[in-house]
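# Examination of the molecular architecture
Spelled out, the chains give:
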Amino acid sequence: MSRKFFVCGNWKMNGDKASLGELMKTLNSAKVDPSVEVVCGSPAVYLDFVRSTLDAKFGVAAQNCYKVAKGAFTGEISPAMIKDCGAHWVILGHSERRHVFGESDELIGKKTAHVLENGLRVVACVGEKLEEREAGITEKVVFAQTKFFADNVKDWSKVVLAYEPVWAIGTGRTAPPQQAQEVHEKLREWLRANVSEAVGDSVRIIYGGSVTGGTCKELGGQKDIDGFLVGGASLKPEFIDIINAKQ
Ligand code: 13P
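So, a few notes on the structure that sits alongside this text. Since the model is a prediction, treat every value here as computed from it, not as a measurement. (Residues numbered from 1 in each chain as written. Predicted model: local features only at pLDDT ≥ 70, side-chain atom pairs only at ≥ 80, totals over all residues. Heavy atoms only, no water.)

## A few points about the nonpolar core
Formed by 64 residues in total, the largest nonpolar core has its most connected members in Val7, Leu187, Tyr207 and Phe228. Looking at this core element by element, the count peaks at five residues for helix H8 (residues 177–194). Core analysis: the next-biggest nonpolar cluster, separate from the first, contains twelve residues, Ala61, Val160, Ala162 and Ile206 among them. (Core = buried A, V, L, I, M, F, W, Y, C linked by side-chain atoms within 4.5 Å. Buried < 20%, exposed > 50% of the residue type's maximum accessible area, 1.4 Å probe, protein only. Helix = DSSP H or I, 4+ residues; strand = E, 2+ residues; numbered from the N terminus.)

## Some points on unusual backbone geometry
Negative phi characterises most residues that are not glycine, and trans characterises most peptide bonds. The backbone of Lys12 sits at a positive phi, close to 50 degrees, despite the residue not being glycine. On the secondary structure map, Lys12 appears in the loop between strand E1 (6–10) and helix H1 (17–29). For Ser210, which is not glycine, the phi torsion reads 55 degrees and is therefore positive. Structurally, Ser210 is set in the loop between strand E7 (205–208) and helix H10 (216–220).

## Describing the side chain of Asp226
Among the secondary structure elements, Asp226 is positioned in the loop between H10 and strand E8 (227–230). The class for Asp226 is buried, based on a relative accessible area of 5%. For Asp226, the contacting residues outside a window of four places in its chain are Arg3, Lys4, Phe5, Phe6, Arg188, Val203, Arg204, Ile205 and Ile206. (Contact = heavy atoms within 4.5 Å.)

## Here's the deal with the sheet that holds E1
Taken together, eight strands build a closed barrel; the order of strands is E1-E2-E3-E4-E5-E6-E7-E8 and the barrel is parallel. Neighbour-to-neighbour, the strand axes of the sheet open up by a mean angle of 25 degrees, direction not taken into account. Two elements, E1 and strand E2 (residues 37–42), share five bridges in a ladder whose sense is parallel. Among the inter-strand pairings, Asn10 is bridged to a residue of E2, identified as Gly41. Those strands touched by helix H5 (residues 105–117) are strand E4 (89–92), strand E5 (121–126) and strand E6 (159–163), and its axis lies near 170 degrees from that of E4. (Pairing = 2+ DSSP bridges. Axes fitted to C-alpha atoms, helices over the stretch in contact; angles between N-to-C directions.)

## Re the site of the ligand
Every one of the 13 residues lining the ligand counts as a neighbour, but Lys12, His94, Gly170, Ser210 and Gly232 are closest to it. Separating an oxygen atom of the ligand from a side-chain N or O atom of His94 is a distance of 2.7 Å. For the ligand, an oxygen atom lies 2.8 Å from a polar atom in the backbone of Gly231. A class-by-class count of the residues in the shell around the ligand yields four nonpolar, seven polar and two charged. (Near = heavy atom within 4 Å. Polar contact = N/O pair within 3.5 Å; in protein donor to acceptor, adjacent residues only side chain to side chain. Nonpolar A, V, L, I, M, F, W, Y, C, P; charged D, E, K, R; others polar.)

The structure is reproduced here in C-alpha cells:
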C-alpha cells in the first residue's frame, strides 16, 4: 500500500511577519517533490497571513486549539476559527502541550474529536520521555497515547500519526533510524490490532525530533516512516531538503 509522504513544519512560537514572509517566499519558489504533501504549522496569530502568503500547494496547520466551538475561553482558539483562516490541519498532543502546558490525554482526545467533527485534519503526536525509554516502557507509553486518539477518531484518512520521542525534540539527538522504525512498526501493528488492518496499512506515521537535511534521507528510507514533523529545521531553507528527502 502506498502512503503519500507527508512533511509538516512546526514553527512553534518562532518568527515574525518579516522572517516568516521570507521563509514562505523561499518555499514558494523552491523545487519541491510534487508527490509529497507539505504542511506548515503556523503560530495562531499568523494563520491568516500564512494562508494568504503560502502557495496553495502547501497546507497550513494550527499548532493547537480548544475542544469546543466558542465561548468564554480567554486565549483559546476553535477549529472553526482555524478553518475560517483557510487552514485545514491542527497539530494535537504535541509533547510541549503535554509536558510544558500539562495537557492530559483526556483533553487531547476531546480536542481530536472536536477538530475532526469540524472537518479539519489532525497531526496526532505521541512520544516517550527519556526516563520512559530507559525504563523500557516506550511501547506502553505510545500505545496508551495512541489509544486516546483512536477512541476519538472515526475516519483515519483525516489523521496523520506523529511519533516524536521527547528526548529527540530540539536536542540535536535524532533517533537512530532503526530505533524510530521499530516504534513506527509497533504503532502500525497496534493500529492493525486495535483499529483495523486497513487503517494499520494506510495511516501515515511520521517521525519528529531533530530531523535535519542530514538525517532525513536515512530516516525517510525506513519502511514505516512516512514523513516528518520538523521543528527547528522547518524555519530554514533546509526544510526544502527535508521535503525532498525521498528524491
Ligand atoms: P525539532 O525538529 O526542533 O527537534 O522539533 C521537533 C518537533 O517538536 C516538531 O513538532
